[in-house]
Amino acid sequence: MNPLYEVRPEAREFDAYVPGLSIDEIRQKYGLANIVKLASNENPLGISPIVEKVLRDRATEAFRYPRWGNPELNARIAAHLGVPAEQILAGNGSDEIIDLLVRIKPRPGIDNVVAFRPSFSMYELCSRMAGVEFRQTPLRADFSFPFDDLIDTCDQNTALVFVTSPDNPSGFTVTADELCDLAERLPERALLVVDQAYVDFADEPARHDMIPRLPLHPNVAVLRTFSKAYGLAGIRLGYGVLPLWLAEIMRACQIPFSVNILAAHAGIAALGDRVFVQETLRVVRDGRARLTRELTALGCEVAPSQANFLMFRPPAARTELDARGVFEALLERGVIIRPLASYGMPDLLRVSIGTHKENDIFLRALKDVFHG
Ligand SMILES: *Cc1c(COP(=O)(O)O)cnc(C)c1O
C-alpha cells in the first residue's frame, strides 16, 4: 500500500509556496561575500532600533506563555487604527489570518473563494488545502482590476473575495471609493477581504485606506502586516480587522498562542516608533521614483507601483536573455530579485525597493547584464 494514498488528496497534490531565495543560499552557491536581497519586499532599513531593544529586554519572558488572545497588542492596534479592539485578530503573519478565513468561513464542497489571476499565492494555497473551491478571473493586460468580471465570477455561494491593494506583484492600487463600490455590488453572503499589506507605502495612503470605511461596509475585512513597513517579517505578525461576529468565531478557532510573546511586544513597540516608519516610507517612496525612472531609461517596461517593489519587463532589445536569464545573471552578481514564473508571468521580474546603496548595486549589476 502506497502511504501517499493514506493522506488527504489536498495534501498529496499540494504545490508548496515558492519563497524568494535567501542570502545564505546564494552566498553558498556562488561563493560571494556580499549579497543584496531585493526579493521579498522586506524593510530596507531593517528593524527599528526601539523594537530591537524591546526584544532584548523582553527575551527573559520567553519561558512564559503569552496572555491568551494578546489583549494588549489588540488594544494597541485598535488605538492606532481607531477601531474597536474586538474586531482585531492578530496572527502568525497575516498569512495565518488568510488561512483562518478560508478554513472557517467557506463550507468545503459548497462555497467558493474568488480572486484575480495572478494574485498572492496564499489565497489559493490555503483554499485548496481547506478543500474549498478557488475561482480566479484574469487581471486586465495592464494589471488593473476588472471588478465587473470579479463580480461575474461570484455566485450565491461565494464566501470570500480577496482583493490585494496595492497589489502584489504589480503594485497596482485602487481607491477606497472603488473598493466600497465593489463591496456594495457583491452577492449578499460574500465577504470582501482587502489585503492592504502595502498600503502604507502609497503616496497618499488616506485615499486607499479601507479601515475608516468599515463601519459603513459590514461585508468588508482588512488585512495588515508588520512584515513590510514595520520591518518585522521574521517575527511573523499580522492581523485582520474583521466583522465582529467573524472575529469572535475565528478567535475561538485559532490555535492558542500563535502570536508569540516576543512578537506581541515587538508589535506594540513598532507602533510606537513613528520615526522609523516615516523614514522607511521616505526611503521607499524616493527609491521607487528613482528605480522607476532608471529602469525605464534602461528600456524596461515598469508597472506603476504604490508598493515597496516594482514589477518590470526586461527589454528584448538590450539583451539576449529572457527574464529568467536576467534573474540568474543578477544572482551571479550577488543581487537577488524575484522571478514571477510562479505567478504565471515568466517574462516579468519583481524587485523590492532597497536603500539608496542597494538600489545602486542593483542598477549597476543590471546595466552590466544588459551591456555584458
Ligand atoms: C507580504 C504579504 C503579506 C504579509 O504576509 P505576512 O504573513 O504578514 O508576512 C500579505 N499579503 C500579501 C499580498 C503580501 O505580499
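Residues numbered from 1 in each chain as written. Predicted model: local features only at pLDDT ≥ 70, side-chain atom pairs only at ≥ 80, totals over all residues. Heavy atoms only, no water.

Our next topic: the overall build of the protein. On a plain count of helices and strands, the protein comes out with 14 helices and 13 strands. The C-alpha radius of gyration computed for the protein amounts to 21 Å, which stays within 12% of the reference 21 Å derived for 372 residues, consistent with globular compactness. Each of the three principal axes of the protein carries a C-alpha extent, and together these read 60 × 55 × 50 Å. Considering the protein as a whole, with its 372 residues, one finds that 54% of them fall into the buried category. Put simply, of all contacts in the protein between residues at least 6 apart along the chain, 73% involve residues at least 24 apart. For the protein, the computed accessible surface area is about 16900 Å², with 53% contributed by carbon and sulfur atoms. Between the averaged position of the 41 positive side-chain charges in the protein and that of its 48 negative side-chain charges there is a distance of 4 Å. (Helix = DSSP H or I, 4+ residues; strand = E, 2+ residues; numbered from the N terminus. Rg over C-alpha atoms; globule rule 2.2 N^0.38 Å. Buried < 20%, exposed > 50% of the residue type's maximum accessible area, 1.4 Å probe, protein only. Contact = heavy atoms within 4.5 Å. Areas by Shrake-Rupley, 256 points an atom, 1.4 Å probe, with all protein chains shown as cover. Lys, Arg positive; Asp, Glu negative; His and termini not counted. Charge placed at Lys NZ, Arg CZ, Asp CG, Glu CD.)

For the rest of this paragraph, the subject is the site of the ligand. Taken together, 13 residues form the shell around the ligand, and within it Asp195, Tyr198, Thr225, Ser227 and Lys228 come nearest. In the model, an oxygen atom of the ligand is placed 2.6 Å from a nitrogen or oxygen of the Thr225 side chain. For the shell around the ligand, the residue count by class is three nonpolar, six polar and four charged. (Near = heavy atom within 4 Å. Polar contact = N/O pair within 3.5 Å; in protein donor to acceptor, adjacent residues only side chain to side chain. Nonpolar A, V, L, I, M, F, W, Y, C, P; charged D, E, K, R; others polar.)

Take the packing of helix α3 (residues 49-58) against helix α11 (residues 261-272) next. Between α3 and α11, the shortest axis-to-axis distance is 9 Å and the interhelical angle comes to 150°. Considering only the axes of α3 and α11, their crossing is right-handed. In this structure, α3 contributes Val51, Val54, Leu55 and Arg58 to the contact, and α11 contributes Leu262, His265, Ala266, Ala269 and Ala270. Per-class residue counts for the contact of α3 with α11 are seven nonpolar, one polar and one charged. (Axes fitted to C-alpha atoms, helices over the stretch in contact; angles between N-to-C directions. Left-handed = near helix turned anticlockwise from the far one by under 90°.)

Right, let's get into the domain arrangement of the protein. Taken domain by domain, the protein comprises domain 1 (3-47 + 275-371) and domain 2 (64-273). Computed over C-alpha atoms, the centres of domain 1 and domain 2 are 24 Å apart. Listed by partner, the interface residues are 34 residues for domain 1 and 34 residues for domain 2. For the pairing of domain 1 and domain 2, the buried interface totals around 2700 Å² over both sides, and the portion due to carbon and sulfur atoms is 60%. Linking domain 1 with domain 2 are two salt bridges. The residue Asp15 makes a salt bridge to Arg128 at a minimum N-O spacing of 3.6 Å. Along the contact surface separating domain 1 from domain 2 lie 16 residue pairs in polar contact (both at pLDDT 80 or more). Those elements giving two or more residues to the side of domain 1 that touches domain 2 turn out to be α1 (9-12), α12 (274-297) and β10 (309-313). Broken down by element, the side of domain 1 that touches domain 2 gets its largest block of residues, eight residues, from α12. (Domains from an automatic or database assignment. Buried area = accessible area lost by both parts, 1.4 Å probe. Salt bridge = Lys/Arg side-chain N within 4 Å of Asp/Glu carboxyl O.)

This next bit is on unusual backbone geometry. Across the junction of Ser165 and Pro166, the peptide omega takes the value -5°, indicating a cis bond. Relative to the helices and strands, Pro166 is located in the loop between β5 (158-164) and α8 (176-185). Pro169 follows Asn168 through a cis peptide bond whose omega is 15°. Note that Pro169 resides in the loop between β5 and α8. Positioned with a positive phi, Asn41 is a non-glycine residue whose angle comes to about 60°. By the element assignment, Asn41 lies in the loop between β1 (36-37) and α3. The class for Asn41 is buried, based on a relative accessible area of 1%. Phi angles above zero are rare outside glycine, and Phe143 is one such case at about 70°.

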